[in-house]
Structure formats: C-alpha cells, structure tokens
There are 2 protein chains.
Amino acid sequence: MNDKTTPAPLKHVLFIMCDQLRADHLSCYGHPRLQTPHIDALAARGVRFSHAYAQGAVCGASRMSTYTGRYVSSHGTMWNFVPLSVGQKTLGDHLRPHGVRCALVGKTHVEADTEGAHRLGLDPTQGVGRLAMEGGFEPYARDDGIWPPGFKVQGNAYCDWLRAKGYTGDNPWHDFANSGRGDNGEILSGWQMRWADRPAHIAGAHSETPYTTDRAIDFMREAGDAPWVLHLSYIKPHWPYVAPAPYHAMYGPDDMLPVVRSEAERVDAHPVVEGFRRETVSRNFSRDEVRNTVVPTYMGLVKQVDDELGRLFAFMAEQGLDRDTLIVFTSDHGDYLGDHWLGEKELFHDPIVKVPLIVVDPRTEADARRGTVSDALVECIDLVPTMLDALGLPQPSEWLEGQSLRPLLHGHAGAAGKDLVVCENSFAFRDEVRLPLNQPVERCHMTMLRTRRWKFVHFEDLPPQLFDMQADPDELVDLGRDPAFATVREQMLGLLFDWLRQRRRFPTVAPDDIARWNQRELAAGILIGAW
Amino acid sequence: MNDKTTPAPLKHVLFIMCDQLRADHLSCYGHPRLQTPHIDALAARGVRFSHAYAQGAVCGASRMSTYTGRYVSSHGTMWNFVPLSVGQKTLGDHLRPHGVRCALVGKTHVEADTEGAHRLGLDPTQGVGRLAMEGGFEPYARDDGIWPPGFKVQGNAYCDWLRAKGYTGDNPWHDFANSGRGDNGEILSGWQMRWADRPAHIAGAHSETPYTTDRAIDFMREAGDAPWVLHLSYIKPHWPYVAPAPYHAMYGPDDMLPVVRSEAERVDAHPVVEGFRRETVSRNFSRDEVRNTVVPTYMGLVKQVDDELGRLFAFMAEQGLDRDTLIVFTSDHGDYLGDHWLGEKELFHDPIVKVPLIVVDPRTEADARRGTVSDALVECIDLVPTMLDALGLPQPSEWLEGQSLRPLLHGHAGAAGKDLVVCENSFAFRDEVRLPLNQPVERCHMTMLRTRRWKFVHFEDLPPQLFDMQADPDELVDLGRDPAFATVREQMLGLLFDWLRQRRRFPTVAPDDIARWNQRELAAGILIGAW
C-alpha cells in the first residue's frame, strides 16, 4: 500500500463494536427490511468494507486480535475466557506513552492474566496492574454483561444503576433487562429462546444499549479537548435475545432474510460441522419456530443500536467532535441464526467471520472516497494500525500484524486489499464436537484462509473444508474432499505454511533496530575473531 | 515416553552450562588428547547423550530456549541482546511458587525487557521486577563477562573483586583476566587472537572459571538444606581465547582434532554460508596459523573448567550433596574453530548445534543406566522438564515444549528419543551476510530440522541445505540443490509445516483446563441456545 502523504493527525477515535452483529443485518449492507439509517449515514460519510474479516470466530479470540492487531496464534487467547497474557500489547499500550487516553465503555471480554499478574507482582486493582488486567483499556465503564439466572451480581455498575432505578434483586441484568414477564408476573428468562418475542421487563431507556450510549456521552463530555480513543462496545445484539418495547415487536418472520441452508449440506458433512450441529443451539435454530421467534428480536436489537448511535452522533455533531474524530464501526463476529443448520458462531461461514466495517475519516484527504464501498480483503487486525495512523503515531511492526487502511480510505494510487485473510478457532472447548472425534485438545485448532476466490479451513487429522466463493458465495458446497480440487487444496496448504512462517514471533526487537545491530556491536568495541 | 513410576523427588539440581563448548572437546565424547576426567566421571555416574541439540545457534537464543523449555519461535528471543519478554516464563518462574530457589552463578545472557517492565510498572532493581529482568534467576553472582577494551566497568562484582586483589584499572576483566603482557609490559589484548598463546596476566585462581566455581561453593554453603536449583554457568571456553598459566601452554597443534573442511565445500556454496565465511572470524580461522595459536588455548580453557568441576564435585561429595542432587552438564552451542571454513557459530553444523549433555540422577531408579550412552535425539528444551520432574514438580504443558528425560535416564521400557530436533537462528543481525543478499530483516530466519537420517535447513527465498547424516556425518556435501533429493526436501518441508502448527501458541490456558471447559460453563448456568 502506497503511503506518500502524511496528513495532519486527528485528535480522537471513536471505535464502535457490536457483539455478534451480522454484516447483512444492516440496510447499508443490503438488508431489505431492517433499516439502519444512522449506521448507513456513517457509510455515506466514509468507506464501507464489503470484505472485512474477523480473526477469531468467538468473541474473546476475535476481540483480542482486534485489540492487539495480531492474529490469534500470535496473541495466544484462542477462545473465550482464555487470559490475555500480560506479555501482549494492546491498543491502549501503544497509545498511552503518547499521552492518548484509551477508554472503554461496554464489553471487551478481556480475561485477566491473574497468574501473570501474580508472577510479576502486579496489583490487579489499580494503576498499570489494573490496565494490564483490562487489556490496556482504562475501564471507564466496562460491562461484559452475561449474568446467568440466579447469579448474585455484585459490584457491577449497570446492575447497581438498575437497582437505583428500582429494578431490585440479585441480578437485575437478568431479571429485568434480559427477561420478560408472564401473565402472572413470573420471570420469562431470556436464556430460553422461546420468550424472545416478549418485551424485556424494563423501560427502553434503561436497557443495556441506551445505558452504554449514555456512558459514552458522559465520557466525551468529561474528556474535554485531550486526545482520546473511546472503545464503545455494545454487547447487543448478542444473546440473550430479548429486546425492550418497542424493539421486541418491530419485525416479524416476513422481515427476515431467507435462511441459507440446503438438505445436501447435511449429507456426509464435515465431522466438525456435524459436531457443532449436534449442539442445542444449532438444533433449535434449525427449527422454523425458533427462527421466527428469535430473529425478529435480533433485528430489533440491531435497530435499537442504530437508534442509539443516531443519538450519539447528534451529540457529537453538536459538540463539534465529528470534525477531528476517526469513527470505526465493526463487530466481533456474526450469528448463524440457523444458516447452514447452525446456531451461534465458532465456524467460518461468512455470516460469522465477515463482519461489518465502516471507517469515517473526516479529513479532506478522504473526501474522494466518501460513500464508496471497498471490496478489498481486509482484516480486523488492521484497525489498531489504522487508528494509530490516524492519530499520527508510530506503528511498531514487531507487534502489529495488520496494516493501516489509510491508503484505501484516502484512495492512494495502487492501494489494494490483501491476497489472504485468516481466521482461527479451536473446537477443544466444545465436548459435543471434540469427544466423538476423540481429538486431543491440542489438535483441535482450525485455521481459515480466504483468498479472493477460495475459502479453505485447515483441521488437524481431519479433512479440510473448501468453498468456491465465486461459484458458491453461499458456501453450500464443501469441496474439501472433492478429488477435482486437490490442486487448489495444495495451494491453500502452501499459503497456510507461508502464513505460519510470517508471524511476528519476535516482539521485543524492532526490524529497524535489527538493521542497526552490526553498527551497535562495532560501536561497542566488540571485535569478533580479529587477529 | 513411558512414565509408570514416580520415584521420590530430589532436593537439588546443579545445572552446569559452559559457553561455546564443543561436545567433541571432552574425552568422554572422544577427544583423544584433551582429558577431562571430572566431566568423564559425571558420564560414568549418569547418562551421556550423544545426540543432544541446542535450540539456538547463538548464546542468547539458545539459552532462552534452555531456560524456558520453549523453541526460539515460541519465546521470541531470536538472537543475542534481544530482550526476553516479561510475558515468558522460565525455570525460576516454575520453581518459585513451589518454594524452590533458582539461583544463578555466572552467565545467562538474559537481556532485560525494559520496555515491558516500564509498561507494567515493574521496578527492575528489586523483588519480582528484578527477577523478571533476570529471566527468573535470582542473580546470586551473575557475570556475563565480555567487556571490550577501554570500557569502564562499574558495579561488576568480578571486576570489583579483581581490583580488591590488586588488579587495578577501569577494566580488569579485559586487562588481566583476558589479556597477556608483552616484553615491555604492554597489554596484549585477548580480543586479538594472535595473543592466544600468551598466558593471561593473572594468577590462575583469580581467573574467571575458579572465581565462578568459588561462588557456586559459597552458594551451596549458604543455601543449607532448603531445596534449590543452582545454574552454574561458566563463560569459558567462549572467546576471548586467553587462559591463565599453566592452561595456556598445556596443548599444542599436535593435540588438536583435525580440521573438518573440504575444498569442495567452497565451490558453489550456499549464499548464507558464503556470507558467514566472509566474516573476519571465519577468514582468520581458515588459516592454520590462527588455528594453531587459538585451538590449543581453547582446549586449555576446557581443561580448566574440568579441573574446577573436580574441585566442586569433591566439595559436594564432602557435604553429602551428591546424594540428593540431580546434575546436568551441557553447553549453549559449540565453536567452529575453522571447521567448514568458519569461525564462531550461527550456522547448524554439528560442531555448533550438537552440544554435550550429561545427566546424573543419584536415585536407585537410575542405577541400571549409569555410565551408558544414549543416542536418542534430545533437545536442550528437555532440561527444564527434566529438572521439574526430578524435583517432583508439575510440568505446565501449555508453556513447556520439551519433555522430561527421566524415561531415558531410568531406562523405562519403550523410552525413546524424538523423531525430530529443531534449531533456529536469524542472519538478520549480520550485515556481511544479509546486505549482499538484499534480504529484508524479517526474512532472514533459518530453521534447522534434524531427523535420525537427515539435517535440513530452511531459508526464506533461498535454497535449503540438506545433509545425509549417515552417509556424510561430517556434513561436507550439501544436497540442498541436488535434484536427486527433491523428495527428501519435500518431506522435510512437511515436517517443518507440522512443527510450526504444533507450537505452544496458547500459553495462558492448560490443556487439562480446556478439557473441563464445557463442565465449567454448564456449572456456571450458561445455557446457550436453550428453547
């Protein structure tokens, strides 16, 4: 990518992430019934990427990649609840030395490396120790949500806030924000999808998405003119699939995208795909009753995010913040919603790993590309480099495996996407998948490679998957065992081999320093083998 | 490897490492003239490994592998002076939580990750912060040596000790311990190899090797009965090649092993090998005058180490420490000394990467194998697992890539070596090699794979090297570009691909924990996709 000009840096970055949001559930990405005018307005002001890929197929792994600018194999958080090593550096670690705040409102799914903290004597409750446990984000208003019924929630700001508003009990997150009520006032838990068409038993303004938006507005008011990056990270439309009125009833089965699946997919399916299809969530989402109940509410949750973003953008415009703020909008992954006879996520079909990505750069250099769509292959690990670039900060290439999207945003001559994007996951954590295959936990790693033409998934000890993304964009025909495509599979294996060798395996020394090593040694007077 | 019995754990480990010691420069490894009776006695009491491989081809990378039990690509210290990330765990980090001291006497070549320390707010001068900067070793008497002439050495315990003994000046390490004197009293610096046949201008007992041994004895006296691992790490026979009397004159050219090289090796040589041959040290070691002056002194330095170890072992026997102490003796790599028209190290011929390894386990379970030679392929990353095993401590397999040698030491049925050993290096740091090839620093990584039959070295963008270790044990014929061996090279590439995919990429979660993940989720009440 060509990088001849260095425009004046911006002062702020608003880095918006939704959780489990499919790209195709936004009107700017083509949804015919779910109108998202505020997100569409972002696309009109910026560049919308039609081929942006997440690096993990579950929240934790995907987010750690996005936050570190590194592939899953490089940062080591291979799944949810796997601690992010204190040895990793995230966006905040790259910003802080330059005096830029990196604040969080909402979810990160960062799991603290308490073992690392203990080993290094860090105090995980304050200062840099706390930052290390928070993945480098100042936890201005962290909320990862997801409190199971019966769980006694303590010390959670949102639950405390709900209690102060009169939503009593151990777990108001569950009992009010994520549950409805039956005819006799009984709690209809959002953890059971059958209640997805009931409204949450909460005032709309008190539900999670508006609460999160309020905290973002609080932050912007308080932060003043100092440089900052705000990670505004909505937990919705992630399950539990429960929306407050009126969002619970805005859409019906007729508004849904048609389900993408075929009977042929179930014949002689890949054993790992079969494993995921055995899970409760997949069996349920394969039933029309479930889809008809759940998907409209999922759509309502997306609509609520869009409305709230409208409110936020109006506030920013009023404050003049739109002039010097880079805005990034994306998601951590999608949701099968029954496509391919699957629910949830974890595998590599486009509904999961192709995420929405819109970037608005307010500078004049970006004017020519405003409102355009880029079909370049890009990755979420490109976002940290893009944000650092926008703020005029250095890009430590010994850490970062992504690259700035600025050449694409500014329409540099020759700017192009990647030839290859990669996503990883492991089925080690899913007994339904792993145990019938008798696979050791160390050999459950899955690596997806996508080129312009092909999508290939490598498994250890099991056949690969292969899809022709041109002939079969819906990914209904797995060519992974088709003898006619042996050559393609060989080529994809070659790409995987190359990719593995190109990882940033040596993060404590910068390439530019290496190039000066010989001079350093000579300057220090170290003469090796002189006679 | 079979592991049916769990013998009573030992209390101590003495982990001896020499620097730049070739295996074939010990009499137990076959040197006909250089007698090393004390090291030979270790071999008689334990198992001597004839095919033990270092994981790095320079000090820093090799040692960080040995200390972490991880390959170079996994710990990220790819060369000398590259910081060991605070995110890595070493032997000491595995021992400390179990109340076992891990003390250092001598050299480690650990480079402090000051950037990581700063980021995490560690105090590098004390407590756990200091340990993190010392690679997890309690620096009881750290001394990495190597102070160039003219350097003002301050705060170095050995130099202070020398000054107290009357060796005055800014740099007594250089001026006395590593230099001789001319007829007019002028300093003949050990940094110039021409003076290697002169005695160091120091009393033998004040030279580095006895000083280091004294500190080890001090430690053992002070440590009392508490469990410990002592890393006794001699910097010799590493250059400067200067020995005190009488060691400077014990050997002559007739005592040297014949040089291993051929004229044919210089014809159409591999471009990276050619690059290293251009270095001063290689050009000098290709001259007989240089070898005849330097190698005898190198042998004298080895002899001095052996004598000092004899003194230490006598002390240990007197203290009864030999009964409950595992003893490991090894080196970080070898020294070309002119073999293959090369000096120093950095490449992968056996004189460099095949290291001496002797392990003495005093327990009765090891009796049957005492005094035997194992030709199993083993690696230095196996040493941390072996030491933890001997002390009865757990082996965190999410970190450790090596495996305990106990099955081989105790002669378990079916105990065998590895099918593959691996060593890595990068020529990015050597201008003479990299610049003529126009190779970017990121593409200078070299990976050696050795099986029972073959040794293969992979380069990026350049042809590989291939040696038939059965037909050509001296590695004089590089088959890397021979069309007759294309199939072998393909097989070796396949092994590299497999090896890369099997790295411990996810150090913050243990495989056993992963296997319990599903149960944890269910126990927490997280129901995904229930209807």
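This text follows the structure it describes.
All values reported here derive from a predicted model rather than from experimental measurement.

Asks: Give a detailed account of the pairing of strand β9 (residues 354–360) of chain A, specifying residues and quantitative values.
Replies: Residue and element names in this part refer to chain A. By the criterion of burial, β9 is predominantly enclosed, with 6 of the 7 residues buried. Bridge count for strand β2 (residues 47–53) against β9 is 5 bridges, and the pairing is antiparallel. Bridge pairing links V47 to V359 in β9. Examined bridge by bridge, strand β8 (residues 325–331) and β9 share 4 bridges and lie antiparallel to one another. Residue I327 lies in a different strand from β9, and its bridge partner there is V360.

Asks: Talk me through helix α12 (residues 288–318) of chain B; I want residue IDs and the actual numbers.
Replies: Between its first and last C-alpha, α12(B) extends 45 Å over 31 residues, near the 45 Å set by a 1.5 Å rise per residue. Trailing α12(B) by a residue or two, B:G320 shows a phi angle of about 75°, which is positive.

Asks: Tell me about the relation of the copies chain B and chain A, and please be specific about residues and values.
Replies: Relative to chain A, chain B is turned by 180° and slid 0.0 Å along the rotation axis, the superposed coordinates differing by an RMSD of 0.1 Å. What we have between these two chains is a two-fold relation. When C-alpha positions in chain B are compared against the rotation axis, the closest is assigned to B:G87, at 1.8 Å. By residue overlap, the copies meet face to face through one surface: 100% of the interface positions of chain B are interface positions in chain A.

Asks: I'd like a rundown of the environment of B:P440, residues and numbers included.
Replies: All names here are of chain B. Inspection of the secondary structure assignment puts P440 in the loop between α16 (431–437) and β13 (445–450). Judged by its relative accessible area of 38%, P440 is partly exposed. Once the C-alpha coordinates of P440 and L347 are considered, the two residues, 93 residues apart in sequence, prove to be 19 Å apart.

Asks: Describe the sheet that holds strand β12 (residues 421–426) of chain A, listing the residues and the values that go with them.
Replies: Residue and element names in this part refer to chain A. Taken together, the 4 strands give an open sheet; going across it, the order is β12-β13-β14-β15, and neighbouring strands pair in antiparallel fashion. Both outer strands of the open sheet, β12 and β15 (465–468), are each paired with one neighbouring strand and no more. Sheet twist, expressed as the average angle between the axes of neighbouring strands with direction ignored, equals 10°. Sheet analysis places β12 next to strand β13 (residues 445–450), joined by 6 bridges and oriented antiparallel. From the neighbouring strand, N425 faces β13, where its bridge partner is M446. In the packing of helix α17 (residues 486–501) onto the sheet, contacts are made with β12, β13, β14 (454–459) and β15, and the angle to β14 comes to roughly 70°.

How each quantity is defined
Residues numbered from 1 in each chain as written. Chains lettered and ligands numbered in written order. Predicted model: local features only at pLDDT ≥ 70, side-chain atom pairs only at ≥ 80, totals over all residues. Heavy atoms only, no water. Buried < 20%, exposed > 50% of the residue type's maximum accessible area, 1.4 Å probe, protein only. Helix = DSSP H or I, 4+ residues; strand = E, 2+ residues; numbered from the N terminus. Pairing = 2+ DSSP bridges. Expected span 1.5 Å × (residues − 1). Least-squares fit on C-alpha atoms with pLDDT ≥ 70 in both. Contact = heavy atoms within 4.5 Å. Axes fitted to C-alpha atoms, helices over the stretch in contact; angles between N-to-C directions.

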